[in-house]
Amino acid sequence: MTMFDQQAAIRSTGEELPDMTNRLDTPTDTGAMVSPTARPTGPDNRIVVENLNIYYSEFLAVQDVNMVIEPRSVTALIGPSGCGKSTFIRSLNRMHEVIDGAHVKGSVYVDGEDLYGPGVDPVAVRRKVGMVFQRPNPFPTMSIAENVLAGKRLNSKRIAKTDAEDLVEASLRGANLWNEVKDRLDRPGSSLSGGQQQRLCIARAIAVEPEILLMDEPCSALDPISTLAIEQLMNELKSSYTIVIVTHNMQQAGRVSDRTAFFSIDGTGMPGHVIEMDDTDVMFSNPKQQATIDYVTGRFG
Amino acid sequence: MTLTDQRPAPSEQRSSITAGRLGRPRHVAVVAGAVVLGVVTWLPTGSVNWARWIIVTLVAYCVGIYVASRIVEGRRQALDRLMLAVVTSCFLIVVFPLVSLVWTVAERGSNRFDTIFFTETMRGVVGEGGGAYHAIIGTLIVTGLATLMSVPFGLFTAIYLAEYGHGTKLAKAIQSMVDVMTGIPSIVAGLFAYALFELLFGPGTRSGIAGAVALTVLMTPVVVRSAEEMLRLVPDELREAAYALGVPKWKVIVKIVIPTAIAGIITGVVLAIARVIGETAPLLVTVGLAQGVNWNPFDGRMTTLPVFTYYQYVQPGLPPEAGQDRAWAAAFTLVIIVMVLFSIARILSTVLKPKGLK
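Residues numbered from 1 in each chain as written. Chains lettered and ligands numbered in written order. Predicted model: local features only at pLDDT ≥ 70, side-chain atom pairs only at ≥ 80, totals over all residues.

Peer 1: Got a minute to help me understand the overall build of chain A in this structure?
Peer 2: Assigned secondary structure in chain A consists of 12 helices and 10 strands. Taken across its 301 residues, chain A has 46% of its residues classed as buried. If you take every contact in chain A between residues at least 6 apart in sequence, the share linking residues at least 24 apart comes to 72%. (Helix = DSSP H or I, 4+ residues; strand = E, 2+ residues; numbered from the N terminus. Buried ≥ 20, exposed ≤ 12 C-beta atoms within 10 Å, placed from the backbone. Contact = placed C-beta atoms within 7 Å.)

Laid out in C-alpha cells, this is it:
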C-alpha cells in the first residue's frame, strides 16, 4: 500500500465518524466524558522538559529540548525519521537508559519532581509513566487476562480474584477491547490480530494506572480500521491521562492531538532538535517556521 | 471472451521455457546407471561390499547427473543439480553409519535385554547371568547430581552474560573461558575431580560425587552456551514492555525472559546431559567400579553404565560371550536412556513453548 492510499483510506474512514473529528474543536473540554477507567484527578501531571540533551554513549542524539506538555491532553511529536522523536519520548519515562551507554543531561519535571534528580528510582518512574510501543508486544507466555494483569502481578501486588476480574474488565473496556475478547480471556495474547494486540498493550499499560501514557508510533504497524479504533481510544483516554504520541502520520497528528511539536535534524549525524511547538491547528494552518511549513505541506526532503 | 481465446497459439518451434529439461525418465536412467556401476565393483572380488557400493554409487550419480544435465540443460542447471547431489550424498554418507550403529547396538544388545539384566547386579557373578541394575542406578545418580550442579551454575552464568554483563570485559572473559571449557578433554575433567577429592579426603578416594563433579565440569559450559543463546533470542521488545510497566529487572528476567525461553533452555540441558551420560574415562578414575548397588554417592565406589560396559568387554569372564552380551545390553540401555531423555525434552518444549511466538 502506498503512502497515498493509506492516507486516503484513513481520511475516508474518518469521514464516517464525524464525532471524532469534531472533538478537535474542543480540545480540553472533556470533563463531561466519563471514561470507564477514569480516576480521581490528582496532581495536574504537567510535564516540563528543561534543557534536555539525550545521548547514546558519546553521540548527542537530541539537543536542548525545552517543552511543556499540558495535562489531560494529547501532544503529538512529528518529524522525519531519525530526528529523535522516539529517543525523546523514551526519555520521558527513563526507558532510554535501558540501552547500553544511553544517558541524558537535563531535567524532566512531572508534578514539579525531576525524573532525573538524584535518588529517583527509574522503576518507580515507569509505574507513573506508562508506555505503548510501535509494534504490539503482548507477553507470549501469558493469556489475554494475564497480560492485562502483568503489571500488577509482576509488581508483586497480591490481588483478590474478584478485584483482578474487575481490573481486567475495566482495563479492556478502557482500551475498547472488552467486547471482542470477553469470551476468550484465557487464550494467549498473541492469538489476537495486530490491532487487537495493540489495544491489549494499551489495556496492559493503563491497568497499572499511570498518570501519563506515552505512545511511540502506536499505529504504524496497524491497518486503517485498527488505527481508527486506537485514535478514538486516545480521545477517550485523554480525559484521564496525559498522552504523548509519536507519529509519522501528519493526518493522525491533526486528528488526535491538541498540541504538536515538530522535531527535525540538520543532517545525518547531527542532533535532532525541536523546531516549533504550538496548538495543533496552528501548526497545520499557520506555523511560524519555514521548516514546519515545508514539512506539514509535504515539501520537505 | 474466455481466457483461452487470449492465449497465443503455441508456435511450431519448441517453447523457450520448456526447452532442454532433463525430465524424469532421463533422471531415473542416471540413478539406475549409478546403482549398476556400484554393483559392477563387486565383480572383481566376488563379495558384496555395501560401503563401497554406496560410495561408488553416490560418486557415479554426482558425476552422471552433472554430465547429463550439462549436455541437455546447460551450465546453470548442471551446477545446481551437482550441488544438490553432493549435499544429498553427504547426508546419506553420514546417515548410514548412524543407522548401522543403532542397528548393531540394538541387535547385539537384545541378547541380554531381559528382566534379570534390569533387576540383578554383578555381585557373585563370574559367568552367565548377572545384570546392570547397579550400573543403571549409578548412572542415574551420578548424572542426576551433575545436572543438579551444572544447571544452576550454567543458567546463572548465562543470565549474567545475556542480561547483565553484555559488552563488559568480565563477560567477554567469561565467554572465552566457557568456549575453552567446552573443548576440555573429558579425562582432564576426570583427573581434576580426582585430584580435588584426593586433596580434600585423602588418596584413593572414589565416590559418586567426585564423578558428578567431573561431569559438571564438562556439562556446565554446554548449558551456559545453549541457555545464553536462548535468552538472547527473547525479543528486546518483551523486556521493554515489562520495564515500561514498572517491573524491576530481576523480575523481568524471572517472569518474562526465562518463561519465554524455557523450551530452548530445557532442550539445551538435555543435550548437555546426553553429552556427559556416556562419558567413561572421567568416571573410571573418579567413581571406579562396584559389584553391587551403592545408593550413597558420598561414600565408596559405584558402577555406571559406560564403565560397566567397558569392564564387561575387557574382562568378560568365562565364558567371554556372557560378559560381551552384558556389555552390548548396557550400551543399548544407555542409547535408550538418551532417546527417552530426548523424547521428554521434545514433549516438554512443545508443552512449554509460548503459543504464537514465531
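There's plenty left to go through after this.
Peer 1: When you look at the overall build of chain B in this model, what are you seeing that I'm missing?
Peer 2: The secondary structure content of chain B amounts to 14 helices and zero strands. The linear arrangement of helices and strands in chain B, starting from the amino end, is α-α-α-α-α-α-α-α-α-α-α-α-α-α. The principal-axis extents of the C-alpha atoms in chain B amount to approximately 95 × 75 × 40 Å. Within chain B, buried positions represent 35% of all 358 residues. Considering only contacts within chain B whose residues lie at least 6 apart along the sequence, 72% involve residues at least 24 apart.

Peer 1: Help me understand the interface of chain B and chain A in this model?
Peer 2: A common way to express how large an interface is: the accessible area buried when the components associate. Chain B puts 22 residues into the contact, and the matching count from chain A is 25 residues. Secondary-structure elements contributing two or more residues to the side of chain B that touches chain A are α10 (236-244) and α11 (249-277) of chain B. Of all the elements, α10 of chain B adds the most residues to the side of chain B that touches chain A, at seven residues. Taken together, the residues that form the side of chain B that touches chain A break down as 12 nonpolar, five polar and five charged. (Nonpolar A, V, L, I, M, F, W, Y, C, P; charged D, E, K, R; others polar.)

Peer 1: What is the right way to look at the domain arrangement of chain B in this model?
Peer 2: All names here are of chain B. For chain B, the assigned domains read domain 1 (21-110) and domain 2 (118-352). Centre-to-centre separation of domain 1 and domain 2, based on C-alpha positions: 39 Å. Each side of the interface is counted separately: domain 1 has five residues, and domain 2 has five residues. (Domains from an automatic or database assignment.)

Peer 1: Looking at this structure, how should I read the environment of Gly-195 of chain A?
Peer 2: Residues and elements named next belong to chain A. Looking at the secondary structure, you find Gly-195 in helix α8 (residues 194-207). Measuring from C-alpha to C-alpha, the distance between Gly-195 and Cys-219 comes to 8.2 Å, with 24 residues separating the pair along the chain. Each residue touching Gly-195, except ones within four places of it in the same chain, is listed here: Leu-222, Asp-223, Ile-225, Ser-226 and Ala-229.

Peer 1: Is there a simple way to think about unusual backbone geometry in this case?
Peer 2: Of all residues except glycine, most have a negative phi; of all peptide bonds, most are trans. Residues and elements named next belong to chain A. Of note, Arg-72 is a non-glycine position whose phi angle comes to about 45°, a positive value. The class for Arg-72 is buried, based on 20 C-beta atoms found within 10 Å. Backbone geometry at Glu-217 places phi at a positive 45°, although glycine is not the residue there.

Peer 1: Any chance you could explain α10 of chain B here in plain terms?
Peer 2: Counting along an α-helix, one turn takes 3.6 residues, and residues three or four places apart therefore face a common direction. Taken together, the buried positions of α10 of chain B are occupied by Leu-238, Arg-239, Ala-241, Ala-242, Tyr-243 and Ala-244 of chain B. Each element contacted by the buried residues of α10 of chain B is listed here: α4 (122-128), β6 (129-132) and α5 (144-154) of chain A together with α11 of chain B. Gly-246 of chain B sits one or two residues past α10 of chain B and shows a positive phi near 80°.

Peer 1: Please explain the confidence of the model for chain A as it appears in this structure.
Peer 2: Detailed reading of the predicted model is not advised wherever pLDDT is low. Within chain A, residue pLDDT values average 82, and 84% of them lie at 70 or more. In the model, residues 1-42 of chain A has pLDDT below 50 throughout and makes 45 contacts with residues more than four positions away in sequence or in other chains. (pLDDT = per-residue confidence, 0-100.)

Peer 1: Where do I start with the environment of Ile-277 of chain B in this structure?
Peer 2: Residues and elements named next belong to chain B. Along the chain, the position of Ile-277 falls in helix α11. Taking the number of C-beta atoms within 10 Å as the measure of exposure, Ile-277 has 22 and is therefore buried. Those residues in contact with Ile-277, other than ones at most four positions away along the chain, are Thr-139, Thr-143, Leu-334, Ile-337 and Val-338.

Peer 1: Teacher, can you tell me more about helix α6 (residues 133-164) of chain B here?
Peer 2: In this model α6 of chain B runs 45 Å from its N-terminal to its C-terminal C-alpha over 32 residues, within 8% of the 46 Å that 1.5 Å per residue would give. The largest bend in α6 of chain B comes to about 25°, at Ser-150 of chain B, with the proline Pro-152 of chain B one to four residues further on. (Expected span 1.5 Å × (residues − 1). Bend = angle between axes of the 7 residues up to and from the residue.)

Peer 1: Would you explain the environment of Cys-90 of chain B in this entry?
Peer 2: One can find Cys-90 of chain B in helix α4 (residues 75-109). Sequence-wise, Cys-90 of chain B and Gln-291 of chain B are 201 residues apart; in three dimensions their C-alpha atoms are separated by 44 Å.

Peer 1: Before we go on, may I ask you to explain the pairing of strand β7 (residues 212-216) of chain A in this structure?
Peer 2: A regular strand places its side chains so that they alternate between the two faces of the sheet. Residues and elements named next belong to chain A. With five of five residues buried, β7 lies mostly within the body of the structure. Neither face of β7 is exposed, since Ile-212, Leu-214 and Asp-216 on one face and Leu-213 and Met-215 on the opposite face are all buried. By the bridge criterion, four bridges tie β6 to β7 in an arrangement that is parallel. Pairing of Gly-130 across the sheet is with Leu-213, part of β7. Bridge count between β7 and strand β8 (residues 242-246): five bridges; the pairing is parallel. (Pairing = 2+ DSSP bridges.)

Peer 1: Teacher, can you tell me more about the packing of α10 of chain B against α11 of chain B here?
Peer 2: In helix packing, the relevant descriptors are the interaxial angle and the interaxial distance, both defined with respect to the helix axes. Residue and element names in this part refer to chain B. Contact geometry for α10 and α11: axes closest at 10 Å, N-to-C directions at 155°. The pairing of α10 with α11 is recorded here as roughly antiparallel in orientation. α11 is crossed by α10, and the crossing has right-handed handedness. Taken together, the residues of α11 that come into contact with α10 (itself represented by Leu-238, Arg-239, Ala-242 and Tyr-243) are Val-252, Ile-256, Val-257 and Thr-260. Grouping the constituent residues of the contact of α10 with α11 by class yields six nonpolar, one polar and one charged. (Axes fitted to C-alpha atoms, helices over the stretch in contact; angles between N-to-C directions. Parallel < 35°, antiparallel > 145°, perpendicular 65-115°, else oblique. Left-handed = near helix turned anticlockwise from the far one by under 90°.)

Peer 1: Where do I start with the packing of α11 of chain B against helix α14 (residues 320-352) of chain B in this structure?
Peer 2: Residues and elements named next belong to chain B. Running from N to C, α11 and α14 point in directions that differ by 175°, and their axes come no closer than 8 Å. In terms of their interaxial angle, α11 and α14 are classed as roughly antiparallel. Here Ile-262, Ala-263, Ile-266, Thr-267, Val-270, Ile-273, Ala-274 and Ile-277 of α11 come into contact with α14, specifically with Leu-334, Ile-337, Val-338, Leu-341, Phe-342, Ala-345, Leu-348, Ser-349 and Leu-352. Taken together, the residues of the contact of α11 with α14 sort by class into 15 nonpolar, two polar and no charged.

Peer 1: Can you help me understand the confidence of the model for chain B in this one?
Peer 2: Of all residues in chain B, 94% attain a pLDDT of 70 or more, and the chain-wide mean is 88. Predicted as a complex, the structure gets a pTM of 0.79 and an ipTM equal to 0.78.

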